[in-house]
Amino acid sequence: MESRVLYPGSFDPITNGHVDLIQRSLKVFGGITVAVLENPKKAALFSTKERVDMIRELFRRQANVGVKSFRGLLVDFARAEKARLVVRGLRAISDFEYELQMALMNRNLDPEIETFFMMPSVKYTFLSSNLVREVVLLGGSVDGLVPGLVAQRLREKLQASKRSKSK
Ligand code: PNS
């Protein structure tokens, strides 16, 4: 089952904070569709397909979690999916300003679409995909911060980047 509630983001890569938010959302909504932004302007560590495939694999036993990628405006994708609700996570006050701007811009673009904010578990409030990428690429551990599958894919990326540098 795919749902008309969207959880959009870059997910480069998905972290345990995102997973926590998805599981929390399922206490409120019958299902959720993770919407992975395909942004040709932003260099990502994982391709859109790699990000989508990882998330699909993580939730393969949960039929109420769908995964899709999108380009362009979120509101256009939401309309195409007949979705009216967008879920976003708020980790700290520092997230608030950007999230408020985005939510109100989206409302300005399409007044029918509402943004629903949820807080992740406090143990993930310091966590971001940016920091995960940085720590891994500098050789640090992200154990407990990303699902095992993601940790494995990160290690593979690190190996690949070391191989290409040693050529
Ligand atoms: O995980 P992120 O990078 O914080 O997610 C940001 C995302 C993907 C939700 C946001 O950048 C987005 O919706 N981009 C699509 C383009 C768009 O609709 N821009 C106008 C919204 S203000």
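Residues numbered from 1 in each chain as written. Predicted model: local features only at pLDDT ≥ 70, side-chain atom pairs only at ≥ 80, totals over all residues. Heavy atoms only, no water.

(A) Highlighting the environment of V135. By secondary structure assignment, the location of V135 is in helix 5 (residues 129–137). The class for V135 is partly exposed, based on a relative accessible area of 33%. Residues contacting V135, with those up to four places away along its chain left out, are G140, S141 and V142. (Helix = DSSP H or I, 4+ residues; strand = E, 2+ residues; numbered from the N terminus. Buried < 20%, exposed > 50% of the residue type's maximum accessible area, 1.4 Å probe, protein only. Contact = heavy atoms within 4.5 Å.)

(B) Focus on the layout of surface pockets. What the largest pocket holds in volume is close to 1,100 Å³. Taken together, 41 residues line the largest pocket, and the ones lying closest to its centre are P8, G9, S10, R88 and Y98. Within the residue set of the lining of the largest pocket, elements represented by two or more residues are strand 1 (5–9), helix 1 (16–25), strand 4 (85–89), helix 4 (93–109) and helix 5. Top contributing element to the lining of the largest pocket by residue count: helix 4, with eight residues. Residues of the lining of the largest pocket, tallied by class, amount to 20 nonpolar, 13 polar and eight charged. (1 Å grid on protein atoms, 1.4 Å probe; cavity = no way out; pocket = protein on both sides within 12 Å on 5 of 7 lines; lining within 4 Å. Points joined across faces, edges and corners; volume = space filled by probe spheres on them. Nonpolar A, V, L, I, M, F, W, Y, C, P; charged D, E, K, R; others polar.)

Keep in mind these numbers describe shape, not what the thing actually does.
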